[in-house]
Amino acid sequence: MMEPAAKQKVIYITYLIAALDVTWLFLQFSITPYLAKRLGFDTLWFGYLQTTVGVIQLLGGPIYGRFADVFGARAALTVSCLASVVYFLLLTVADSTFMLFVHKLPAVFMHGLPGAQMVVADLSENEKRAEALGKLGLCFGIGMISGSTLGGTLSTRFGEKFAASFAAVGSFVSLLLVLNFIPKQTKIHTVPESDKKGSSKSVFNLGEITRLMKFPGVAKTFIVKIISGLPSGIFQVMFSIIAINFFQLKAEQNGYLMAYFGIVQMVIQGAVIGRLTSRFSEYTLLLLSVGISSIVGLAQAMMTNVFQFCLIVIPMMFSLSVFNVITDSMLTKSVSPSDTGTMLGLCASVQSLLRTVGPTIGGFLYETYGVPSFGFIQCVINAAVFSLLLASGGRSQPNRP
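Cut-offs used in this document
- Residues numbered from 1 in each chain as written.
- Predicted model: local features only at pLDDT ≥ 70, side-chain atom pairs only at ≥ 80, totals over all residues.
- Heavy atoms only, no water.
- UniProt positions renumbered as here; feature names shortened; annotations may be inferred.
- Salt bridge = Lys/Arg side-chain N within 4 Å of Asp/Glu carboxyl O.
- Helix = DSSP H or I, 4+ residues; strand = E, 2+ residues; numbered from the N terminus.
- Buried < 20%, exposed > 50% of the residue type's maximum accessible area, 1.4 Å probe, protein only.
- Phe/Tyr/Trp six-rings, centres within 6.5 Å; stacked < 30°, edge-to-face > 60°.

- Going by the annotation in an unreviewed UniProt entry, the name recorded for the chain is Organic cation transporter-like protein 2, with Phoxinus phoxinus given as the source organism.
- Checking UniProt for the chain, the heading Function (unreviewed entry) contains the comment "May act as a transporter of organic cations based on a proton efflux antiport mechanism. May play a role in the transport of chloroquine and quinidine-related compounds in kidney. Plays a role in the regulation of lipid metabolism."
- What UniProt states about the chain under its Subcellular location (unreviewed entry) heading is, verbatim, "Apical cell membrane".

## Concerning the pattern of salt bridges
Phase 1: Evaluated as defined, the whole model comprises three salt bridges.
Phase 2: For the salt bridge of R38 with E160, the shortest nitrogen-to-oxygen distance reads 2.6 Å. Placement of R38 in helix α2 (residues 32-38) and of E160 in helix α8 (residues 160-181) is noted, with a sequence separation of 122 residues between them.
Phase 3: When the shortest N-O distance is used, the salt bridge between K333 and E282 registers 3.1 Å. With K333 in helix α14 (residues 306-333) and E282 in helix α13 (residues 282-302), this residue pair connects regions lying 51 residues apart in the sequence.

## Points about the environment of M99
Phase 1: Position of M99 relative to the elements: it lies in helix α5 (residues 97-102).
Phase 2: Residue class for M99 comes out buried when judged on its relative accessible area of 19%.

## A closer look at the packing of aromatic side chains
Phase 1: Within the structure shown, the criterion is met by 16 aromatic pairs.
Phase 2: Geometrically, the ring pair formed by F26 and F140 is edge-to-face, given 5.5 Å between the ring centres and 90° between the ring planes. With F26 in helix α1 (residues 4-29) and F140 in helix α7 (residues 129-157), the pair connects residues that are 114 residues apart, well separated along the chain. The pair formed by F26 and F140 is uniform in burial state, with each residue classed as buried.
Phase 3: On the basis of an interplanar angle of 35° and a centroid distance of 5.5 Å, the ring pair of F247 and F309 is categorised as tilted. One end of the pair, F247, is in the loop between α11 (218-246) and α12 (251-279); the other, F309, is in helix α14, with 62 residues separating them in the sequence.
Phase 4: Look at F247 and you get buried, because its relative accessible area is 10%.
Phase 5: Classification of F309 as buried rests on a relative accessible area of 0%.

Now the structure itself:
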């Protein structure tokens, strides 16, 4: 049993690892769209590239979560950091369409943020979990700012290959932090015998993964997570194209805009979510996030310039942050402590699913109906989800002890 001080130290180190992981991720976002454009990619082909990543991570997410439950979070984070090093090394030599697709393959193992969520979920108590997971969002904001700024600056001044090499070195630093500070086993809760019976230790056991869907309320929350998250997921996937073509931003300007996203997210995750989770029920906050998302969609449909978008970003990031933290918290509380890794892997797969179907749908909508179509669809879908949640009257499942 870990001492509270030791647990807290591990959680703080995990926050640092998460911030670094997101930094390298957003650094890459400042490289790939411009590299793809230079290699002759149009909107449709860039959509195919994003879809490839989505499919790869969709397949890897649940298995990665199961791997963490069986072998421990340190092993899972080690695999993720190693894959990240290979990913960025391949990006440094990506000088053709084929190599740009090949460099995405290690993404099947790249689940640094879900890995960090697993450590935090394992070491935090149920009543503090939403707040602890929310602070990971603060790390996401820090990583978004530093990664976007670094990516835009390095790729503009020193070239894309240097920026990718910098991220590869950074990923190796993350790997050293994992090996030195994350304990082999982070699960501190006692697993009931009833949860152990019939449990398989196989990482690739589909039955162990799909079994979680049978827990009360899990399937419903997952459906809400997918349907409500789809429109905003499409917009996020297509945003790099929107920034270049609709807002006419250069790499460095795009980096500053992403840094602004990060600042807004940091404020929301660090100063707002903790207070909200201590005062309101998770169901109320879920309703609030979906309702605001619908209004944000309407605003996106009407925006015409980057200044208007900067105003929309504040409620947009609020709804996204609250929605993701609350749904992840609800889902991990719905299963036994021994299954939190697999559940968070499934949560990560929802994002991967959105990235899989998002580029294809987004590319079609962008080419056929333009940017406003993303907003109108988000408005209608989230309004419908809000109405259905309201009609269900909060009939939710009891959390597992």
